[in-house]
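Single-letter residue listing:
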Amino acid sequence: MKGLLVKLHAQYGAAIEAMHQQILKLRHAQFVSSSEHLSTQTDLFAEILDLPLPPVVKQNISYERQRKGRPALPKDLPRQRIEYHLDDQQMAEFDSVKPIGEEVSETLQYTPARLVVLEHARIK
């Protein structure tokens, strides 16, 4: 008889706990602000599935920066350098002028049956 009472007490205790949780959910749904409502879709995935892990694939990943613009011109093409300096009027505006670097841009010049790379160097 005592064993039967213990079983009934455990069953009723579990049922009461389930009802208590259900009441808490209903109160939460009724009184919480609308921005705090959680999606009920989380209840769909309450079961934890034991899925096999996919095999590990080792990959060599290189993080090279993507170049923007056109690709560089081939190094084997003949090159002709054209330098641009300040003219006399612009030089007269300064006390002294020293080159501090240069910007080089390349363009292709097409002469029939011949390609030449023109390097435009603007002295800074």
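Residues numbered from 1 in each chain as written. Predicted model: local features only at pLDDT ≥ 70, side-chain atom pairs only at ≥ 80, totals over all residues. Heavy atoms only, no water.

Identification of the chain as Transposase TnpC homeodomain domain-containing protein from Rhodoferax potami is taken from an unreviewed UniProt entry.

## Some details on the sheet that holds strand β2 (residues 102–111)
For clarity, the threshold we go by: Strand pairing is assigned whenever DSSP detects at least two bridges linking the two strands. In this text, helices come from DSSP runs of H or I with a minimum length of four residues, and strands from runs of E with a minimum of two, each type numbered from the N-terminal end. Each axis is a line fitted through C-alpha atoms, and for a helix only the stretch in contact is used; angles between axes span 0 to 180 degrees, taken between their N-to-C directions.
On the basis of which strands lie adjacent, the open sheet formed by three strands has the order β1-β3-β2 and mixed pairing. Lying at the two open borders of the sheet, with one neighbouring strand each, are β1 (79–84) and β2. Here the average twist between neighbouring strands, direction ignored, is 25°. Note that β1 and strand β3 (residues 114–123) share six bridges and pair parallel. In the sheet register, Glu-83 faces β3, and the bridge partner there is Ala-121.

## Comments concerning the pattern of salt bridges
Defined as follows: Think of a salt bridge as a Lys or Arg side-chain nitrogen and an Asp or Glu carboxyl oxygen that are within 4 Å of each other. For each residue, the accessible area found with a 1.4 Å probe, counting protein chains only, is set against the maximum for its type, and the residue is called buried under 20%, exposed over 50%, and partly exposed in between.
In total, this model carries five salt bridges according to the counting rule given. In this structure, Arg-79 engages Glu-106 in a salt bridge whose closest nitrogen and oxygen atoms are separated by 2.9 Å. Of this pair, Arg-79 sits in strand β1 while Glu-106 is found in strand β2, placing the two residues 27 residues apart along the sequence. A salt bridge links Arg-79 to Glu-119, with the shortest nitrogen-to-oxygen separation between them at 4.0 Å. Here Glu-119 lies in strand β3 and Arg-79 lies in strand β1, a separation of 40 residues in the sequence. Since its relative accessible area comes to 29%, Arg-79 is described here as partly exposed.

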